[in-house]
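Understanding the architecture of this molecule
Below, each chain spelled out in residue letters.
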Amino acid sequence: MRPFFSYAGRWRETRTVGEDLERLKQRLPLLEYLQRHNWTARPAGTPEEFVGLCPLHRETRPSFYVNARKNLFYCHGCGSGGDLIRFIELSLDLPFRQSITHLERELAPASTSQLLEQTLAFYQLQLHRDSEGARYLEQRGLRHPTIEELGIGYAPGGNLHRHLATLGYSFHLLLEIGLINHHGRDAFCRRVIFPCRQHGQIVNLYGRSIGAAFPHRLLPRSKGGLFAWDSISRFSSVILVEGVFDLAVLWQAGFRNTTCAIGTHLTPPQFHQLSDRPDRPVYIVFDQDENQAGQQAAHQLASRLADAGVLARVVRLPLGHDPNSYFVAGATATDFTVCLEQAQPL
Ligand SMILES: [Zn+2]
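What this report covers is the structure whose coordinates are included nearby. Position labels on residues start from 1 in each chain and follow its written sequence. Given that the model is predicted, a residue must reach a pLDDT of at least 70 before its local features are reported, and side-chain atom pairs must reach 80 or more before they are shown or counted; all residues, however, enter totals for whole chains, interfaces and linings. The basis for every side-chain value is the complete set of non-hydrogen atoms in the structure, without hydrogens or water.

With that settled, the discussion passes to the overall build of the chain. The secondary structure content of the chain amounts to 16 helices and 14 strands. In this setup the radius of gyration rests on C-alpha atoms only. A globule is expected at 2.2 Å times the number of residues raised to 0.38. On C-alpha atoms alone, the chain measures out to a radius of gyration of 27 Å, which is more than a quarter above the 20 Å that the 2.2 N^0.38 rule sets for 346 residues. Three labels apply to residues, based on accessible area from a 1.4 Å probe with only protein chains included: buried if under 20% of the type maximum, exposed if over 50%, partly exposed otherwise in between. Taken over 346 residues, the chain has a buried fraction of 47%. Throughout, a residue-residue contact means that at least one pair of heavy atoms, one from each residue, lies within 4.5 Å. Considering only intrachain contacts with a sequence separation of at least 6, the fraction spanning at least 24 residues in the chain is 57%. Summing over all exposed atoms, the chain offers an accessible surface of approximately 17700 Å²; the carbon and sulfur share of this is 51%. His is not counted, nor are the chain ends, whereas Lys and Arg count as positive and Asp and Glu as negative. Here the site of a charge means atom NZ of a Lys, CZ of an Arg, CG of an Asp or CD of a Glu. Taking the 36 positively charged and 33 negatively charged side chains of the chain as two groups, their mean positions are separated by 5 Å. Helix numbering and strand numbering both begin at the N terminus, where a helix is a DSSP run of H or I of at least 4 residues and a strand a DSSP run of E of at least 2. Under the convention used here, a 1.4 Å probe and the Shrake-Rupley method define accessible areas, while residue burial counts only the protein chains that appear.

Here is the structure:
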């Protein structure tokens, strides 16, 4: 957090207050503030001037002018004018000092994990409201209480942005996190959502498309460590799968030592987690692809783990299957145990 905030309570007494006020206003230019609050404007002749309806009085013809270079406004209708602080004073009917506090709050960097928690809570609500997501989970063999345990939600698309805006999140922040695109549309649309947590905090959201869109989508940020690693790392052996649906059916079948890297490529922190204990064998159960992509990735990973001193076994399923489809096709925990037992170390 910037130093300004730390002495906000006695800012009037500090000699640098003028400078800090200028810096505060630069961080959030008047025009951007107005646009964040849904003020629509058009260019007013010169490149730095914009005009629109006055937010401070009722009017039908635009007479509210903003000079973006000077960072000032003036309304020819009601005669008010000034800088951003003055605008906040007038529009929210706040004294000068509280206007500053209001602006600081608007600029305070919202915690990303808090934003992702609120996003997930919204998606979890949608799962109950929209039967499409629930039907898809059923098709993939997922049941209660695993659905709740994994914190799964559903993004129908088209309503997240509005919801988060009412909670006070700015367009820019949502765009930066990747929850919306440049047009303000929700990034996750018709996707089942899984939270990726690290030490209890959401670090990313994974969205599995239930329609024609590309199947896998993560927010443009790190996918974090291995899925549910906080609870998995204590087991004496670990099963590693490609996808969260594989993990879900294995958890349901009682294989609670299953984790997932979301894909076959492990990030360095994920590899480090998997290899931090040489006495903990790893069973790799990737997709049994016709083109051998999953099998090859499994073998490469197994040899990397072996190099790191970890006993790794590659598990084979019937060709064309992944753990999810295997169980959906009727396999039982006993069938899967046989596959695990048949797996050979490298
Ligand atoms: Zn006005």
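Next comes the rest of the account.
This next bit is on the coordination of the zinc ion. Only nitrogen, oxygen and sulfur atoms qualify as donors, and only when within 2.8 Å of the metal (3.2 Å in the case of Na, K and Ca); with water excluded, sites may look incomplete. The zinc ion binds to the protein through C54 (SG), H57 (ND1), C75 (SG) and C78 (SG); the donor distances cover 2.1 to 2.3 Å. Because the angles between the 4 donor atoms bound to the zinc ion fall within 96 to 122°, the donor set is best described as tetrahedral. Within one chain, the residues serving as donors to the zinc ion are arranged as C-x2-H-x17-C-x2-C. Linking C54 in the loop between β2 (46-52) and β3 (64-67) with C75 in strand β4 (residues 72-75), this pair joins segments that are 21 residues apart in sequence. Its relative accessible area of 7% is what places C54 among the buried residues. On the basis of relative accessibility, which here comes to 0%, the residue C75 falls in the buried class. In short, tetrahedral needs four donors with all angles between 85 and 135 degrees, square planar needs four and octahedral six donors with opposite donors over 155 degrees apart and all other angles between 65 and 115, and whatever is left is irregular.

In this analysis, axes come from line fits to C-alpha atoms, helices being fitted only over the stretch in contact, and the angle between any two N-to-C directions falls in the range 0 to 180 degrees. Running from amino to carboxyl end, helix α4 (residues 84-92) crosses helix α5 (residues 96-107) at an angle of 105°, the nearest separation of the two axes being 9 Å. Regarding the angle of α4 to α5, the classification is roughly perpendicular. On the side of α4, the interface is formed by L84, I85, I88, E89 and L92, while α5 contributes F96, S99, I100, H102 and L103. Gly counts as polar in this scheme, as do all residues outside two lists: the nonpolar Ala, Val, Leu, Ile, Met, Phe, Trp, Tyr, Cys and Pro, and the charged Asp, Glu, Lys and Arg. Of the residues that constitute the contact of α4 with α5, the class distribution is 7 nonpolar, 2 polar and 1 charged. Oblique is the label for every angle not falling under 35 degrees (roughly parallel), over 145 degrees (roughly antiparallel), or within 65 to 115 degrees (roughly perpendicular).

Attention shifts here to the pairing of strand β10 (residues 238-241). The alternating pattern of β10 places V238 and L240 and I239 and V241 on opposite faces, both of which are buried. Strand pairing requires that DSSP identify at least two bridges connecting the strands. Of the pairings in the sheet, the one linking β10 to strand β12 (residues 282-285) comprises 4 bridges and is parallel in character. Bridge pairing in β12 places V241 opposite V285. With 3 bridges joining them, β10 and strand β11 (residues 258-260) adopt parallel strand pairing. Directly across from L240, in β11, lies its bridge partner T259. A clockwise course of the path from the first strand over the helix to the second, judged with the strands pointing away from the viewer, identifies a crossover as right-handed. Where the polypeptide runs from β10 across helix α12 (residues 244-252) and back to β11, its parallel neighbour, the crossover connection is right-handed.

When a carboxyl oxygen of Asp or Glu is within 4 Å of a side-chain nitrogen of Lys or Arg, the pair counts as a salt bridge. One pass over the full model with this rule turns up 10 salt bridges. The shortest N-O distance in the salt bridge between R256 and E149 comes to 2.6 Å. With R256 in the loop between α12 and β11 and E149 in helix α8 (residues 146-149), this pair connects stretches of sequence that are 107 residues apart. Its relative accessible area of 42% is what places E149 among the partly exposed residues. Across the pair D276 and R280 runs a salt bridge, and its minimum N-O distance is 2.4 Å. Connected through salt bridges with shared partners, the residues E22, K25 and D83 form a single ionic network.

Glancing now at the pairing of strand β7 (residues 191-198). The side chains of a regular strand alternate, first on one face of the sheet and then on the other. In terms of burial, β7 is largely enclosed, as 6 of its 8 residues are buried. In this structure, strand β6 (residues 153-155) lies alongside β7, joined through 3 bridges in antiparallel fashion. By the bridge assignment, Y154 is partnered in β7 with V192. Where β7 meets strand β8 (residues 201-209), 8 bridges bridge the pair, whose relative direction is antiparallel. Looking at the pairing, I193 lines up with G207 of β8. Following β7, the chain reverses through 2 residues before pairing antiparallel with β8; H199 in that reversal takes a positive phi of roughly 50°.

Below, the discussion takes up the packing of aromatic side chains. In this scheme Phe, Tyr and Trp rings, the latter by its six-membered ring, pair at centre separations within 6.5 Å, and the angle between planes marks the pair as stacked below 30 degrees, edge-to-face above 60, and tilted otherwise. Taken as a whole and assessed by the stated rule, the structure comprises 13 aromatic pairs. Geometrically, the ring pair formed by Y136 and F245 is edge-to-face, given 5.9 Å between the ring centres and 85° between the ring planes. Of the two residues, Y136 sits in helix α7 (residues 131-139) while F245 sits in helix α12, which places them 109 residues apart along the sequence. Residue Y136 is classed as buried on the basis of its relative accessible area, which comes to 10%. Judged by centre distance (5.8 Å) and plane angle (45°), the rings of F327 and F336 are tilted. A single burial state applies to F327 and to F336, both of which are buried. Three or more aromatic residues joined by ring pairs form one cluster here, namely Y33, W39, F64, F73 and F87. Note on criteria: charge over ring means Lys NZ or Arg CZ within 6 Å of the ring centre, with the direction from the centre no more than 35 degrees off the ring normal. If you follow R140 out to its NZ or CZ, it ends over the ring of F245, 4.1 Å from the centre.

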